[in-house]
Amino acid sequence: MTEHKLPADIERTSLSIITKELEALGIALEPENAPVVKRVIHTTADFDYAKNLYISSGAVALGAAALAKGTPIITDTNMARAGVSKPGLAKCGGEVLCFMAEPEVAEAAKLAGTTRAVAAVKKAAAMYPTGIFAVGNAPTALLALCEEMENNPDFRPALIVGVPVGFVNVVESKELLVKTCRKFSVPVIAAMGRKGGSNVAAAICNALIYTAADMLDPTNRGWQG
């Protein structure tokens, strides 16, 4: 018979299983990065992320510090936006935004002959040049972020999460993102290769939020009792 548990108990048990399986695989995570990697594995049940997540030096600490100061998160999909912890953000005094569905973004994309993701990035870059950008779907958004970093010296995000999923331009866009972030010393977390998705982007953001808001223990989230 399946044992029914409270959400906090289920999460703790899941993370314990993840920890044991990582040890069995001989994978030792950097302590600072472990909450991010384990949160993604918890979300996807995919241990490949223990190897394909690229996390630049200090990115987790810098991202959490930015969130603790109320830095907004800008996502490329409303799905990712929906998955980000609102109670955690509220505790940090932050918010999560997505411009993809705005009529003016659609019109700007049409006039420029580009994607809505690119138009949304351009709008967000102008409004929040030091925000946190989380991309889980559109590789064109990553390319636009790279272009903004190259052309706009004021555009220096607190962190970029680049985890789009798919087969076309996905691998290349992530590789360019990491290269460009290194060039301009912008913290970055990227899922190298084809894997990723809006759920992964949200999971990474949540790990950072929980770190910033002292909510890594699920009982500290109130509703998880």
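Cut-off values and rules
- Residues numbered from 1 in each chain as written.
- Predicted model: local features only at pLDDT ≥ 70, side-chain atom pairs only at ≥ 80, totals over all residues.
- Heavy atoms only, no water.
- Axes fitted to C-alpha atoms, helices over the stretch in contact; angles between N-to-C directions.
- Helix = DSSP H or I, 4+ residues; strand = E, 2+ residues; numbered from the N terminus.
- Parallel < 35°, antiparallel > 145°, perpendicular 65-115°, else oblique.
- Left-handed = near helix turned anticlockwise from the far one by under 90°.
- Contact = heavy atoms within 4.5 Å.
- Buried < 20%, exposed > 50% of the residue type's maximum accessible area, 1.4 Å probe, protein only.
- Salt bridge = Lys/Arg side-chain N within 4 Å of Asp/Glu carboxyl O.

1. Overview of the packing of helix 7 (residues 103-112) against helix 8 (residues 116-127)
Working step 1: One can describe the packing of helix 7 onto helix 8 by two numbers: an axis separation of 8 Å at closest approach and a directional angle of 115 degrees. One element, helix 7, and the other, helix 8, form an angle in the roughly perpendicular class. Both helix 7 and helix 8 take part in a crossing whose hand is right-handed. Here Glu104, Val105, Ala106, Ala108 and Ala109 of helix 7 come into contact with helix 8, specifically with Arg116, Ala119, Ala120 and Lys123.

2. Regarding unusual backbone geometry
Working step 1: Its identity as a non-glycine residue notwithstanding, asparagine 169 has a phi of 65 degrees, on the positive side.
Working step 2: Counting through the fold element by element, asparagine 169 comes out in the loop between strand 5 (159-162) and helix 10 (170-184).
Working step 3: Judged by its relative accessible area of 42%, asparagine 169 is partly exposed.
Working step 4: Residues other than glycine seldom take positive phi values, yet serine 185 does so here, at roughly 55 degrees.
Working step 5: Tracing the backbone through its elements, the reader meets serine 185 in the loop between helix 10 and strand 6 (188-191).

3. Details of the environment of threonine 180
Working step 1: Mapped onto the fold, threonine 180 is located in helix 10.
Working step 2: By relative accessible area, threonine 180 is classed as buried at 3%.
Working step 3: Beyond its immediate chain neighbours, meaning those up to four positions away, threonine 180 contacts Cys146, Met149 and Glu150.

4. Section: the environment of threonine 19
Working step 1: Here threonine 19 lies in helix 1 (residues 7-24).
Working step 2: Spatially, the C-alpha atoms of threonine 19 and alanine 141 are 33 Å apart, while their sequence positions differ by 122 residues.

5. Structural notes on the side chain of arginine 39
Working step 1: Position of arginine 39 among the secondary structure elements: in helix 2 (residues 34-44).
Working step 2: Judged by relative accessible area, which is 11%, arginine 39 ranks as buried.
Working step 3: Not counting the four nearest positions on each side in its chain, arginine 39 is found in contact with Glu11, Ala203, Ala207, Tyr210 and Arg221.

6. Things to note about the pattern of salt bridges
Working step 1: A full pass over the atoms with the stated rule returns ten salt bridges.
Working step 2: For glutamate 147, the salt bridge is made with lysine 122, and the minimal N-O distance between the two is 3.8 Å. With glutamate 147 in helix 9 (residues 139-151) and lysine 122 in helix 8, this pair connects stretches of sequence that are 25 residues apart.
Working step 3: By relative accessible area, glutamate 147 is classed as partly exposed at 41%.
Working step 4: The class of lysine 122 is partly exposed, set by a relative accessible area of 38%.
Working step 5: Across the pair lysine 183 and glutamate 150 runs a salt bridge, and its minimum N-O distance is 3.1 Å. Of the two residues, lysine 183 sits in helix 10 while glutamate 150 sits in helix 9, which places them 33 residues apart along the sequence.
Working step 6: Judged by relative accessible area, lysine 183 falls into the exposed class, the value being 54%.
Working step 7: You can call glutamate 150 partly exposed: its relative accessible area is 39%.

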